[in-house]
Amino acid sequence: MTAPRLRGSARHPLRRDWGVALELGSARTRAWVPGRGLITDVPTVTFGAGTTYPIQRGTIVDEAGCARMLQRLLGHRLPRRTRPHIVLTTPVLDGPAYRSAARAAVEVLRPRTVRTVPTARAVALAAGAGLSRPLLVVDVGAHLSEVVLLSGTGVVDARRAALGTGDLGAAPPAGIADTVASMVTEMLRQDRTSRTADALHRGVLLAGGGALRPGIVHDLSGLLGVPPRVVPAPHTAAVRGAARHLCALHGGGLGARPLAR
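The next thing to look at is the pairing of strand β8 (residues 85-90). Most of β8 sits out of view: six of its six residues are buried. Here β8 shows no split at all, with His 85, Val 87 and Thr 89 on one side and Ile 86, Leu 88 and Thr 90 on the other all buried. By the bridge criterion, four bridges tie strand β1 (residues 19-24) to β8 in an arrangement that is parallel. Across the sheet, Val 20 pairs through a bridge with Ile 86, a residue of β8. For the crossover that starts at β8, traverses helix α2 (residues 95-106) and ends in the parallel strand β9 (residues 113-118), the hand is right-handed.

Here it is as structure tokens:
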């Protein structure tokens, strides 16, 4: 898929408050511009002496390589003399180390501001799921799966496993579903409140490439006892939610219809 070049027009001029939502995944890197949609959705790789992978299992292992990749993918797309606002999705459990490395990598784009949003929170935003009640978000990516309990505006509990759809050659769909279900069971067992049980009864929100695998969805339904609610276009849910967060932070000034496909 070839992304369109970003040019201003009389109807949609490029603004000085231009912004980008970014998802730096282990397998794919995605960028979404509010009002324009997905402009980049490519493998997360860098080129030099050979092909290398700067992000592995949800961890940035090559900060400089990640910066070079972002420059190659987005540097020529940024409007001249414009410093973008950037919102990054981040795995819930990587904490300060991931956020620090990601922020350093995106400095190559000369951002005006850099904010981060937990991937699970971004998925909930993309789905339009309210958080007045507890919500369980399951994100099954290519190399990392997360189970996160959200309530209000914060993360209550989270689990992760270094397993995803990229491992299907070695692990069957049932194995991935069983790993996710085990994380939910552990969360239920350790919760001294009723929030996890309430969220499970409400229905698990499922996103990531794993949500496009019928075998994983079917097996999860049987193991959890409730069918998961698959987010529309689950593979891009995180970056779309980040775009919503970006627009909310700047009062909608970054363009209309942030989720236009």
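Moving on from the model shown.
Ordered by their spatial adjacency, five strands build an open sheet running β3-β2-β1-β8-β9, and the pairing between neighbours is mixed. Since the sheet does not close on itself, it has two edges, and those belong to β3 (37-43) and β9, each with one partner. Along the sheet, successive strands turn relative to each other by an average axial angle of 20°, direction set aside. With respect to the sheet, helix α1 (residues 63-74) is in contact with β1, β2 (28-33) and β3, its orientation differing from that of β1 by roughly 135°.

Rules behind the numbers
Residues numbered from 1 in each chain as written. Predicted model: local features only at pLDDT ≥ 70, side-chain atom pairs only at ≥ 80, totals over all residues. Heavy atoms only, no water. Buried < 20%, exposed > 50% of the residue type's maximum accessible area, 1.4 Å probe, protein only. Helix = DSSP H or I, 4+ residues; strand = E, 2+ residues; numbered from the N terminus. Pairing = 2+ DSSP bridges. Right-handed = clockwise from strand over helix to strand, strands pointing away. Axes fitted to C-alpha atoms, helices over the stretch in contact; angles between N-to-C directions. Contact = heavy atoms within 4.5 Å.

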